[in-house]
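Remarks on the overall topology
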Amino acid sequence: MAGSETPLLNELEKGPWPSFVTEIKKMADKKPAARDLLGQLELSYKEKRGHWKHGGIVGVTGYGGGVIGRYSDSPDKFPGVAEFHTMRINQPSGWFYSTKALREICDIWEKYGSGLTNFHGSTGDIILLGAPTAHLQPAFDELSEHGYDLGGSGSDLRTPSCCAGPARCENACIDTLDICYAITMEFQDELHRPMWPYKFKIKVAGCANDCVAAIPRADFAIVGTWRDTLRIDQDGVREYAERGFDIQGQVVERCPTKALSYDPAAKQLSVRAEDCVRCVHCINKMPKAIRPGVERGATLLIGGKATILQTAFLSWVIVPFMKMEPPYTEVKELLRKIWEWWDEHGKMRERVGELIYRLGMRNFLRAVDLPAVPQMVFEPRANPYIFWWPEEIIRK
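What you see is a predicted model, and the numbers here were worked out from it, not measured in a lab.

Procedures and definitions
- Residues numbered from 1 in each chain as written.
- Predicted model: local features only at pLDDT ≥ 70, side-chain atom pairs only at ≥ 80, totals over all residues.
- Heavy atoms only, no water.
- Helix = DSSP H or I, 4+ residues; strand = E, 2+ residues; numbered from the N terminus.
- Buried < 20%, exposed > 50% of the residue type's maximum accessible area, 1.4 Å probe, protein only.
- Contact = heavy atoms within 4.5 Å.
- Areas by Shrake-Rupley, 256 points an atom, 1.4 Å probe, with all protein chains shown as cover.
- Lys, Arg positive; Asp, Glu negative; His and termini not counted.
- Charge placed at Lys NZ, Arg CZ, Asp CG, Glu CD.
- Disulfide = S-S within 2.5 Å.
- Phe/Tyr/Trp six-rings, centres within 6.5 Å; stacked < 30°, edge-to-face > 60°.
- 1 Å grid on protein atoms, 1.4 Å probe; cavity = no way out; pocket = protein on both sides within 12 Å on 5 of 7 lines; lining within 4 Å.
- Points joined across faces, edges and corners; volume = space filled by probe spheres on them.
- Nonpolar A, V, L, I, M, F, W, Y, C, P; charged D, E, K, R; others polar.
- Core = buried A, V, L, I, M, F, W, Y, C linked by side-chain atoms within 4.5 Å.
- Pairing = 2+ DSSP bridges.
- Axes fitted to C-alpha atoms, helices over the stretch in contact; angles between N-to-C directions.
- Patch = residues over 30% accessible without salt bridge, like charges linked within 9 Å, V, L, I, M, F, W, Y side chains within 5 Å.
- Salt bridge = Lys/Arg side-chain N within 4 Å of Asp/Glu carboxyl O.
- Polar contact = N/O pair within 3.5 Å; in protein donor to acceptor, adjacent residues only side chain to side chain.

Within the protein chain, the secondary structure is distributed over 14 helices and 15 strands. Along the first, second and third principal axes, the C-alpha atoms of the protein chain reach 75 × 65 × 40 Å. By the burial criterion, 47% of the 396 residues in the protein chain qualify as buried. Of all intrachain contacts in the protein chain linking residues separated by at least 6 positions in sequence, the fraction that spans at least 24 positions is 65%. For the protein chain, the accessible area works out to roughly 20500 Å², and carbon and sulfur atoms hold 54% of it. Placing the 50 positive and 51 negative side-chain charges of the protein chain at their respective mean positions leaves the two points 4 Å apart.

A separate point is the state of the cysteines. One covalent bond between the sulfur atoms of two cysteine residues makes up a disulfide. In this structure the tally under the stated criterion is 0 disulfides. Of all cysteine sulfurs, the one in C207 lies closest to C173, which takes part in no disulfide; the gap is 6.5 Å. When its relative accessible area of 8% is taken as the criterion, C173 is described as buried.

One pass over the structure, following the stated rule, counts 13 aromatic pairs. Their ring planes at 85° and their centres at 5.6 Å tell us that F200 and W339 sit as a pair that is edge-to-face. With F200 in the loop between α7 (188-192) and β8 (202-205) and W339 in helix α12 (residues 329-345), the pair connects residues that are 139 residues apart, well separated along the chain. A single burial state applies to F200 and to W339, both of which are buried.

Leftover empty space is mapped by rolling, across the atoms, a probe with the size of a water molecule. If you walk through the whole model with that rule in mind, you get 1 cavity of 30 Å³ or more. Roughly 110 Å³ of internal volume is contained in the largest cavity. Every residue lining the largest cavity is counted, 16 residues in all, and those nearest its centre are L230, C255, C276, C279 and C282. In terms of residue class, the lining of the largest cavity is made up of 13 nonpolar, 2 polar and 1 charged.

Below, the discussion takes up the nonpolar core. Formed by 40 residues in total, the largest nonpolar core has its most connected members in F200, F220, I222, L300 and I338. Where this core is concerned, the elements lending two or more residues are α6 (176-186), β8, β9 (220-226), β14 (296-302), β15 (316-322), α12, α13 (352-359) and α14 (361-367). If one sorts the elements of this core by residue count, α12 sits on top with 7 residues. If sequence neighbours within four positions are ignored, I338 has contacts with F200, F220, I302, I318, V352, F364 and V368. Of all hydrophobic cores here, the second largest spans 21 residues; its members include W226, V237, A241 and C255.

Another aspect to go through is α13. Turning to α13, its buried residues number three or more, namely V352, G353, E354, L355 and I356. Each element contacted by the buried residues of α13 is listed here: β14, β15, α12 and α14. Positive phi appears at G360, one or two residues downstream of α13, with a value of about 100°.

This part is about the pairing of strand β5 (residues 116-119). Here β5 pairs with strand β6 (residues 126-129) via 4 bridges, running antiparallel. Each residue of the ladder has a partner; that of L116, found in β6, is L129. A loop of 6 residues connects β5 with β6, the two strands running antiparallel in sequence, and G124 in this loop sits at a positive phi of about 130°.

Sheets are built from strands that pair by backbone hydrogen bonding, the pairs being arranged parallel or antiparallel. Sheet architecture is open: 4 strands sit in the order β2-β4-β6-β5, paired in antiparallel fashion. The two strands at the open ends of the sheet, each matched to only one other strand, are β2 (67-68) and β5. Each of β2, β4 (86-89) and β6 touches helix α5 (residues 133-145); the most contacted strand, β4, lies at about 20° to it.

Together, L8, L12, F20 and Y45 give the surface a local cluster of nonpolar side chains, amounting to about 340 Å² of exposed area. On the secondary structure map, L12 appears in the loop between α1 (7-10) and α2 (20-28).

A few words now on the side chain of T86. Note on placement: T86 falls in strand β4. According to the relative accessible area criterion, T86 is buried, its value standing at 2%. Separated by 3.0 Å, the side chains of T86 and R70 make a polar contact. Apart from the residues lying within four places of it in its own chain, the contact partners of T86 are G66, V67, I68, R70, I127, L128, L129 and G130.

Here it is in structure tokens:
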């Protein structure tokens, strides 16, 4: 499509950053779908409204999720995108690819779809953008022959994702890659067959830096941590001090719980383990001198999500520390309990965090057999009334 036909989209090609418009234009010379996509998008910018209709149920044999139906509301103007369905492909843990794998995926998609991709979707999947209904099954069949599976979509388990973890990060406290793979393989029915009130996302982060954004964006977050104390290399501390690094100002004074103290005369750093909340700020600032503890596992959190029925939620802590050892039976059993309660009590399009907000954390904890612990407390109670379960009252 000539640039003169898309003056509004052309504005998005200006500036120092790569532009998705430029990439679509490259494909438009080969694919009518890409050419009409530009035309419809230009019309949307001009009229200030979208021109897509969600396609409802569309998929491939045996799968209730993984394909997002999408149709143009102006097929007469843009026949190339009259049917423009999206396929979500389950990504490898940590998003590690060989060049051979990337070429396979792109070749298959150019054969059956628009040739346009999104690496990666907000959940983590490989996103293959735009194919007619008749091409979905053969595209899936060929992807499957090369070892690829569909990801999640609809009211099911969305594709679990994780950070690169121990593959590239020395601060990873758990094997994020193995955990993500094990959960994905365990819950194939939940991943491919919509059966719940709404979607459920699992994300695995190796440490509290949370490079996969599990805490704000996952219904169930697994975040690596340690149970003992920070390891401090005093020789490393002295090296930072001698280089002129402001340990007091940049590290000690920015510790959120004031757990650290620094002796400038001795050039020594110490930590009160009982006050440390393992936020990893000090590790980020002094990675050559401070390391995570030895007894490692994960903190489990629930309820993170973007704004849908209610406002955006950050996750609540529900298990402060759990050992993460294959085959991860404990965390799998907890997930099943959570899903059973949510499926029983959730309303349509109600995320599990919204259900907990509606029915209360104590009802949730009782249903999934978890004890209440101090880490769950966000702030002191605003009223003096404490409510007990009837059977907890000792009668004399």
